[in-house]
Amino acid sequence: PKAASLEPLKLMLADMEMVEKLLNNMLRLDSSPPPQYREGGRLRPLMRAVFANLIMYYEERRERGVLPEVQDHILWSLWEFKDLAAGNAAYALKEWSRVIRAEFNEINHLHLHYLLSCTYTGNVAGKEDARYDQ
């Protein structure tokens with residue numbers, strides 16, 4: 001399975017640099033983060049995946065009342081970046097969650113379908129002649 005990504009937001013937003021700043025703000029990396037968390041750092045892709053997951057599951061956690069302090073922090077962080085949210089942080093989070101989840105599900109379901117088809121037909125790791133029923 002592949003991690004959630006911020007890539008779907010590129011279709012919705014013109015300013016991905018601002019999304020990076022939001023990520024820094026939301027994950028509290030905006031003052032002086034360790035070099036590995038900064039743009040170009042080896043752990044920056046992990047920070048993006050964490051951020052994408054926070055957004056992707058925002059609506060579910062909010063509806064269930066899970067981690068209300070975290071949910072409030074996410075909402076207020078986006079509210080501080082009004083231009084990204086077009087003035088409505090709650091609506092923006094809901095839409096961002098929807099598009100990130102749609103891509104996440106599509107990529108991972110295609111990946112799982114491929115693995116299942118390989119397992120069923122036996123076309124795994126160069127064993128093309130193996131069959132599921134043997």
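From a predicted model like this one, the values you see are computed outputs, not experimental measurements. (Residues numbered from 1 in each chain as written. Predicted model: local features only at pLDDT ≥ 70, side-chain atom pairs only at ≥ 80, totals over all residues. Heavy atoms only, no water.)

## Comments concerning a nonpolar patch on the surface
Moving on, step 1. Residues Val 66, Leu 67 and Val 70 make up a contiguous nonpolar surface patch of about 210 Å² in total accessible area.
Moving on, step 2. By the element assignment, Leu 67 lies in the loop between α4 (58–64) and α5 (68–80). (Patch = residues over 30% accessible without salt bridge, like charges linked within 9 Å, V, L, I, M, F, W, Y side chains within 5 Å. Areas by Shrake-Rupley, 256 points an atom, 1.4 Å probe, with all protein chains shown as cover. Salt bridge = Lys/Arg side-chain N within 4 Å of Asp/Glu carboxyl O. Helix = DSSP H or I, 4+ residues; strand = E, 2+ residues; numbered from the N terminus.)

## Remarks on the pattern of salt bridges
Moving on, step 1. According to the stated counting rule, one finds nine salt bridges in the structure shown.
Moving on, step 2. With its nearest N and O atoms 2.7 Å apart, the salt bridge here joins Glu 20 to Arg 48. Separated by 28 residues along the polypeptide, Glu 20 in helix α2 (residues 16–26) and Arg 48 in helix α3 (residues 44–56) bring together distant segments of the chain.
Moving on, step 3. Owing to a relative accessible area of 17%, Glu 20 belongs among the buried residues under this scheme.
Moving on, step 4. In the salt-bridge network here, residues are joined through shared partners; they are Glu 20, Glu 39, Arg 44 and Arg 48. (Buried < 20%, exposed > 50% of the residue type's maximum accessible area, 1.4 Å probe, protein only.)

## Regarding the confidence of the model for the protein chain
Moving on, step 1. When pLDDT is averaged across the protein chain, the result is 80; 80% of the residues are at 70 or more.
Moving on, step 2. For the protein chain, per-element mean pLDDT is lowest for helix α6 (residues 82–85), which scores 70, and highest for α3, which scores 93.
Moving on, step 3. Throughout residues 126–134 the model reports pLDDT below 50, and contacts reaching past four residues in sequence, or to other chains, amount to ten contacts. (pLDDT = per-residue confidence, 0-100. Contact = heavy atoms within 4.5 Å.)

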